[in-house]
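Chain by chain, the residues:
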Amino acid sequence: EFVLLLNKVDVPDGSFTRQAINKIKLQFKKCKIHIREVDTPTYALFNAKIEQNDGWDLVFKKYIFDWKTNIAPLFGKNSSLNITGYYNPILEKLLTEYDTDVVKTRREKGQEIHTHCWENVPYLFLWTVKAKTYYREIVDNITVTPMTFFGTVTKWKIEPRAHEK
């Protein structure tokens, strides 16, 4: 039996994340390994259980990586959030240089951080999702605001379909 530690906030019932966890459990079950979930109701309790480093075999932790996120604690020498145990002074320097309001520098250092992590960090997967929006031709005047997708929906125009005119 493996114990899977997760935060209930990150894995709500009916969510895509819950579906992914269920698929992971199913794969383990096919290998005759039972997964028992230990879910915590808050981030504070979740992080405390991780720091105890006892009572779990697998951890599901959700991170959001965007331009506003400070990822430095994930690689800090004495940080409790550094669950991979990886530390490198070169990466520390890049993360310090990344912490700026200068967009060009931030982008350049972000690329260098990705390259360094890709080449050196164990058990860390970096990826990017290309955002795509699909809509029918009858919808016009669409503006996409990523953090609040339907924030401008009142300005969209819907034309009748050809057979409805």
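Check the entry above for the structure.
In what follows, the accompanying structure is described. In this text the structure is predicted, and so the values were computed from the model without any measurement. Counting restarts for each chain: residues are numbered from 1 in the order of the written sequence. Per-residue local features are limited, in this predicted model, to residues with pLDDT of at least 70; the limit for side-chain atom pairs, both in listing and counting, is 80 or more; totals at the level of whole chains, interfaces and linings are taken over all residues. Hydrogens and water are ignored here; the side-chain numbers use all heavy atoms of the structure.

### Topic: the sheet that holds strand S3 (residues 58-60)
Spatial ordering of the open sheet is given by S2-S1-S3, a layout of three strands whose pairing is parallel. Lying at the two open borders of the sheet, with one neighbouring strand each, are strand S2 (35-40) and S3. Direction aside, the axes of adjacent strands within the sheet are offset by 25° on average. Any two strands between which DSSP finds at least two bridges are classified as paired. Runs of E in the DSSP output that reach at least two residues are strands. Runs of H or I that reach at least four are helices, and both are numbered from the N terminus. Two strands pair when backbone bridges link them, and strand S1 (residues 2-7) and S3 are joined in this way by three bridges, in the parallel orientation. Across the sheet, the residue bridging to Leu4 is Leu58, located in S3. Strands S1, S2 and S3 of the sheet are contacted by helix H1 (residues 16-30), whose axis makes an angle of about 150° with S2. To get an axis, fit a line to the C-alpha atoms, keeping to the stretch in contact for a helix; angles then go from 0 to 180 degrees between the N-to-C directions. By definition in these notes, contact holds between two residues if any of their heavy atoms fall within 4.5 Å.

### Concerning helix H3 (residues 89-98)
Along H3, the residues that are buried comprise Leu91, Leu94, Leu95 and Tyr98. One face of H3 carries all of its buried residues, which in axial projection span an arc of 100°. When the buried face of H3 is taken as reference, the exposed residues oriented beyond 90 degrees from it are Pro89, Lys93 and Thr96. In this fold, the buried residues of H3 make contact with helix H4 (103-120). Whenever two N or O atoms come within 3.5 Å, that pair is a polar contact, provided that in protein one can donate a hydrogen and the other can accept it, and provided that, for residues adjacent in sequence, both atoms are side-chain atoms. One side-chain oxygen at the N-terminal end of H3 lies 2.6 Å from the backbone nitrogen of Ile90; it belongs to Asn88. Burial classes follow relative accessibility: with a 1.4 Å probe on protein chains only, a residue under 20% of its type's maximum area counts as buried, one over 50% as exposed, and anything between as partly exposed. Note that the arc is defined by the directions from the helix axis to the C-beta atoms.

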